[in-house]
Amino acid sequence: MSARLAILISGRGSNMEAILNACRAADYPAEPVLVLSDRADAAGLDTARAGGVAAEHIVHTGPKDRAAFEAALTARLKAAQIDLICLAGFMRMLSAAFVEEWRDLIVNIHPSLLPSFKGLDTHRQALEAGVKLHGCTVHYVRAGMDDGPIIGQAAVPVLPDDTEDALAMRVLSAEHRLYPACIRLVVEGRAPVRSNVAALEMAVPAAVPIFMPPA
Ligand code: GRF
């Protein structure tokens, strides 16, 4: 059985595109049913439509409008019989009530190795902190910002002359591989949450450390 995905975006949608591409493989256990954006001008809406996926703008006029926005969102998600909501560059906080209603059925990708560098400008934060490994995280969504049980992470080296943009590109290409892999685990029931931790049920072929500097 194929899990029915909704992908929520606010902009470019490159992670959304990576998910759509993964779903084209015959053995992938999920299908993209709906792409929703809080912004009418999100480039990802056109990409989704070009890929044959229904894509809609749900109007959000500001903080006072959150309840109406979430009511519209819920109605749309339920009508489409969505099994899993994937946030992919979706730039709004969801209310505790919404998150609770969809508990363990919302996942997000964040461009840092959580719990380091929550919020915005994560690549700048990483460069300023001087970390030598940076990366991205896919996690179940809780009410707190960038909070929730971690499903998967990918690490990349921070190179001596890195700019924010160079580092962002390196992380982004890791995001595009990590997110579909994590969605697969979730929809196959192989990332159950126990004691607020996602316990992965999978064989790991080789536990190879990543060194920076190389050792
Ligand atoms: C990604 O870096 C994602 O981790 C973050 O916002 C960015 C969205 O990029 N949440 P895109 O819209 O998927 O290209």
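Residues numbered from 1 in each chain as written. Predicted model: local features only at pLDDT ≥ 70, side-chain atom pairs only at ≥ 80, totals over all residues. Heavy atoms only, no water.

Trainee: Now, about the nonpolar core: what can you tell me, with residues and values included?
Mentor: Looking at soluble globular proteins, one finds that nonpolar side chains tend to be buried together. Ile 7, Val 35, Cys 86, Ile 151 and Tyr 179 are the most contacted members of the largest nonpolar core, which has 42 residues in total. Element by element, the count of residues in this core is highest for helix α6 (residues 164-187), at 9 residues. Ignoring sequence-local partners within four residues, the contact set of Ile 151 consists of Val 107, Val 138, His 139, Tyr 140, Cys 182, Val 186, Ala 191, Ala 198 and Leu 200. Among the nonpolar cores identified, the runner-up in size contains 20 residues, and Ala 6, Leu 8, Phe 69 and Leu 94 belong to it. (Core = buried A, V, L, I, M, F, W, Y, C linked by side-chain atoms within 4.5 Å. Buried < 20%, exposed > 50% of the residue type's maximum accessible area, 1.4 Å probe, protein only. Helix = DSSP H or I, 4+ residues; strand = E, 2+ residues; numbered from the N terminus. Contact = heavy atoms within 4.5 Å.)

Trainee: Which residues make up α6, and what values do they have?
Mentor: Side chains three or four residues apart in an α-helix point the same way, a direct result of the helix having 3.6 residues per turn. Along its 24 residues, α6 runs 33 Å from first to last C-alpha, staying within 8% of the 34 Å computed at 1.5 Å per residue. Residue Glu 175 marks the point of greatest curvature in α6, where the axis turns by about 25°. Taken together, the buried positions of α6 are occupied by Leu 167, Val 171, Leu 172, Ala 174, Glu 175, Leu 178, Tyr 179, Pro 180, Cys 182, Ile 183, Leu 185 and Val 186. (Expected span 1.5 Å × (residues − 1). Bend = angle between axes of the 7 residues up to and from the residue.)

Trainee: Give a description of the packing of aromatic side chains that names residues and reports values.
Mentor: Counted by the stated rule, this structure contains 2 aromatic pairs. On the basis of an interplanar angle of 15° and a centroid distance of 6.3 Å, the ring pair of Phe 69 and Phe 90 is categorised as stacked. One end of the pair, Phe 69, is in helix α3 (residues 66-79); the other, Phe 90, is in the loop between β4 (84-87) and α4 (96-101), and 21 residues separate them in sequence. An identical accessibility class is assigned to Phe 69 and Phe 90; each is buried. (Phe/Tyr/Trp six-rings, centres within 6.5 Å; stacked < 30°, edge-to-face > 60°.)

Trainee: Could you give me a rundown of the side chain of Asp 65, with the residues and numbers involved?
Mentor: Relative to the helices and strands, Asp 65 resides in the loop between β3 (54-57) and α3. As a buried residue without a salt bridge, Asp 65 has its nearest oppositely charged side chain in Arg 92, at a separation of 7.4 Å. Beyond its immediate chain neighbours, meaning those up to four positions away, Asp 65 contacts Val 59 and His 60. (Lys, Arg positive; Asp, Glu negative; His and termini not counted. Salt bridge = Lys/Arg side-chain N within 4 Å of Asp/Glu carboxyl O.)

Trainee: Give a description of the sheet that holds strand β6 (residues 133-140) that names residues and reports values.
Mentor: The strand order across the open sheet built from 7 strands is β3-β2-β1-β4-β5-β6-β7, with neighbouring strands paired in mixed fashion. Of all the strands in the sheet, just β3 and β7 (150-157) have a single pairing partner and so form its edges. Here the strands of the sheet are splayed against their neighbours by 20° on average, with no regard to which way each runs. Relative to strand β2 (residues 30-37), strand β1 (residues 3-9) runs parallel, the two sharing 7 bridges. Its bridge partner being in β2, Ile 9 is matched across the sheet by Ser 37. Packing of α6 onto the sheet brings it into contact with β1, β4, β5 (106-110), β6 and β7, and relative to β7 it is tilted by some 155°. (Pairing = 2+ DSSP bridges. Axes fitted to C-alpha atoms, helices over the stretch in contact; angles between N-to-C directions.)

Trainee: Explain the packing of helix α5 (residues 122-129) against α6 to me, and be specific about the residues and the numbers.
Mentor: As a packed pair, α5 and α6 sit with axes 9 Å apart at the nearest point and diverge in direction by 115°. Considering the angle they form, α5 stands roughly perpendicular to α6. The handedness of the crossing between α5 and α6 is right-handed. Facing His 123, Arg 124, Ala 126 and Leu 127 of α5, the residues of α6 in contact are Glu 164, Leu 167, Ala 168 and Val 171. Class assignment of the residues belonging to the contact of α5 with α6 gives a composition of 5 nonpolar, 1 polar and 2 charged. (Parallel < 35°, antiparallel > 145°, perpendicular 65-115°, else oblique. Left-handed = near helix turned anticlockwise from the far one by under 90°. Nonpolar A, V, L, I, M, F, W, Y, C, P; charged D, E, K, R; others polar.)

Trainee: Run through α5, naming residues and quoting values.
Mentor: Along α5, the residues classified as buried are Thr 122, His 123 and Ala 126. Buried residues of α5 fall within an arc of 100° about the axis and therefore sit on the same side. If you follow the buried residues of α5, they end up packed against β5, β6 and α6. Taken from the residues just after α5, Gly 130 is the one with a positive phi, measuring 75°. (Arc of directions from axis to C-beta.)

Trainee: Please provide a residue-by-residue account of the packing of helix α1 (residues 14-23) against α6, values included.
Mentor: It is at 9 Å that the axes of α1 and α6 come closest, and there the two elements cross at 45°. As judged from the angle between their axes, α1 and α6 are oblique. Viewed along their axes, α1 and α6 form a crossing whose handedness is right-handed. Across from Ser 14, Asn 15, Ala 18, Ile 19 and Ala 22 in α1, the residues of α6 making contact are Leu 172, Glu 175, His 176, Tyr 179, Pro 180 and Ile 183. Looking at the contact of α1 with α6, its residues break down into 7 nonpolar, 3 polar and 1 charged.

None of the figures reported here should be taken as evidence of function without further support.
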